[in-house]
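Secondary and tertiary structure notes
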Amino acid sequence: LKPKTKGQKTYIDLIRRKMIVFGVGPAGTGKTLVALAVGLEAVQEKQKYRKILYLRGNTKLDEDIGFLPGTEGEKLECSRIRLLFVLAYNHESTK
């Protein structure tokens with residue numbers, strides 16, 4: 001797992017050391033991607049955990065709902081859990 005910014009490096013280090021970490025920041029900075037990647041690493045490589053519990057709060061339509069292009073409706077229709085499957089597939093294919 002290679003962070004792209006100093007903030008991501010700090011975030012990764014905190015997730016690895018602490019039981020609970022809150023990632024707060026603007027859309028598109030990699031908070032969800034980084035957290036899931038570190039979790040996946042802990043489950044698959046280190047066998048530290050058996051499961052990943054992925055929780056995401058509801059998003060109001062008047063809030064910013066992410067960096068990716070598309071209308072609000074398109075973003076809300078897209079499965080949020082898809083990111084976890086993409087991470088797992090990419091992780092396995094790089095071994």
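Treat the numbers as computed from the prediction; the structure is a model and nothing was measured.

Interaxial distance between helix H1 (residues 6–17) and helix H2 (residues 31–44) falls to 10 Å at its minimum, and their mutual angle equals 40°. One way to sum up the angle between H1 and H2 is to call them oblique. Crossing handedness for the pair H1 and H2: right-handed. Here Gln-8, Tyr-11, Ile-12, Ile-15 and Arg-16 of H1 lie close against H2, whose contacting residues are Lys-31, Val-34, Ala-35, Val-38 and Glu-41. Per-class residue counts for the contact of H1 with H2 are six nonpolar, one polar and three charged.

Another aspect to go through is the confidence of the model for the protein chain. A low pLDDT score tells you not to read the predicted coordinates there in detail. Looking at the protein chain, pLDDT values average 76 and 60% of them are 70 or higher. No element of the protein chain has a lower mean pLDDT than helix H3 (residues 72–77), at 60, and none a higher one than H1, at 95.

Thresholds applied
Residues numbered from 1 in each chain as written. Predicted model: local features only at pLDDT ≥ 70, side-chain atom pairs only at ≥ 80, totals over all residues. Heavy atoms only, no water. Axes fitted to C-alpha atoms, helices over the stretch in contact; angles between N-to-C directions. Helix = DSSP H or I, 4+ residues; strand = E, 2+ residues; numbered from the N terminus. Parallel < 35°, antiparallel > 145°, perpendicular 65-115°, else oblique. Left-handed = near helix turned anticlockwise from the far one by under 90°. Contact = heavy atoms within 4.5 Å. Nonpolar A, V, L, I, M, F, W, Y, C, P; charged D, E, K, R; others polar. pLDDT = per-residue confidence, 0-100.

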